[in-house]
Amino acid sequence: LHLTILYEDDSCLVIDKPAGVAVHPGAGMAPDERTILNGVAHIFKKQKIPFSADSVLVHRLDRDTTGCLLIAKSPEAHLFLQKQFEERSVKKYYLAIVAGLPDPPSAVIDAGIGRSSSDRTKMTIYGSGRTRAAKTTYQTLQAADNAALLLCELHTGRTHQIRVHLLSLGHPILG
């Protein structure tokens, strides 16, 4: 798995995570399926950096999401960087192309997300027993025909958060 390094210093590196690749192994995956973690292990081996799967991933992105992924180069850097995510001092922005034109063109979606009661593989704000707080701010950057480009800021980090929040407004993500 070839990963593009966008930034690197003594403590961390930032990689360009491609869409369609899981960050780490999980349930339902083939045993030989490559993950970002495999690619990071290869980078560390080439650079002669000690690798521990438990202390390199600072955060995760969904399998179908592409974007910047922060990787720690040491357990100390991992703790330091992860604390910033836990304290929400890191700002996370995403671009999403959605079907339809959001009305209003910008808003805050503050709705808890949980596993669907009818399909445990899906996340939802409706029909779930337990939810976790989730907050997304979106702003329409451009709109044409029946689609819009949105800038989304995640104030929390829940599985499929942007997809679930925008779908709750009736705007499925197209890209």
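Computed from a prediction, not measured in an experiment: that's the story for all the values here. The residue numbers shown here count from 1 along each chain, following its written sequence. Two thresholds apply to this predicted model, a pLDDT of at least 70 for residue-level local features and 80 or more for giving and counting side-chain atom pairs, whereas whole-chain, interface and lining totals are computed over all residues. Each side-chain value is worked out from all heavy atoms of the structure, with water and hydrogens disregarded.

(A) Quick peek at helix H2 (residues 75-86). Helix length check: H2 (12 residues) gives 16 Å between terminal C-alpha atoms against 16 Å at 1.5 Å per residue, within 8%. Every buried residue belonging to H2 is among Ala77, His78, Leu81 and Phe85, and all of these are buried. Down the axis, H2 shows its buried residues gathered within 100 degrees of arc, on one side only. Looking at H2, the residues exposed on the side facing more than 90 degrees away from the buried face are Glu76, Leu79, Phe80 and Glu86. Labels follow the DSSP assignment, with helices taken as runs of H or I lasting at least four residues and strands as runs of E lasting at least two, numbered in each case from the N terminus. To estimate how far a helix should reach, multiply one less than its number of residues by 1.5 Å. Think of it in three bands: residues with accessible area under 20% of the maximum for their type are buried, residues over 50% are exposed, and the middle band is partly exposed, with areas taken using a 1.4 Å probe on protein chains only. Relevant arc is that of directions from the helix axis to the C-beta atoms, nothing else.

(B) Region of the structure containing the sheet that holds strand S9 (residues 147-154). Criterion used throughout: strands pair if DSSP finds at least two bridges between them. A sheet is described by the order of its strands in space; here four strands give the open sequence S4-S9-S8-S5, paired in antiparallel fashion. In this open sheet, the two edge strands, each paired with only one partner strand, are strand S4 (92-99) and strand S5 (106-110). Taking each pair of neighbouring strands and ignoring which way they run, the sheet shows an average axis angle of 25 degrees. Bridge count between S4 and S9: eight bridges; the pairing is antiparallel. Within S9, the position partnered with Lys92 by the bridge is Leu154. Note on definitions: angles span 0 to 180 degrees between N-to-C directions of axes, and those axes are lines fitted to C-alpha atoms, for helices only across the stretch in contact.

(C) A look at unusual backbone geometry. Of note, the amide linkage connecting Asp103 to Pro104 takes the cis form, showing an omega dihedral of 15 degrees. Mapped onto the secondary structure, Pro104 falls in the loop between S4 and S5. The backbone of Lys48 sits at a positive phi, close to 60 degrees, despite the residue not being glycine. The phi angle at Asp145 is positive, at roughly 50 degrees, despite the residue not being glycine. Position of Asp145 relative to the elements: it lies in the loop between strand S8 (135-144) and S9.

(D) Up close: helix H3 (residues 161-168). For H3, every residue scored as buried is listed here: Gln161, Ile162, Val164, His165 and Leu166. In what follows, a contact means two residues having at least one pair of non-hydrogen atoms within 4.5 Å. Tucked into the core, H3 has its buried residues touching S4, S5, strand S7 (123-124), S8 and S9. Following H3 by one or two positions, Gly170 adopts a phi angle in the positive range, close to 90 degrees.

(E) Highlighting the nonpolar core. Of all hydrophobic cores here, the largest spans 16 residues; its most connected members are Ile15, Ile36, Val40, Phe44, Val56, Leu69 and Ile71. When contributions to this core are tallied by element, the ones reaching two or more residues are strand S2 (12-17), helix H1 (36-47) and strand S3 (67-72). With five residues, H1 is the single largest residue contributor to this core. Ignoring any residue separated from it by four or fewer positions in sequence, one finds Ile71 in contact with Ser11, Cys12, Leu13, Ile15, Val40, Phe44, Val56, Leu57 and Val58. Residues enter a nonpolar core if they are buried and are Ala, Val, Leu, Ile, Met, Phe, Trp, Tyr or Cys, with the set joined through side-chain atoms within 4.5 Å. Counting residues in each nonpolar core, the second largest holds 11 residues, with Val98, Ile109, Ala148 and Ile162 among its members.

The quantities given are spatial measurements derived from coordinates; they are silent on function.
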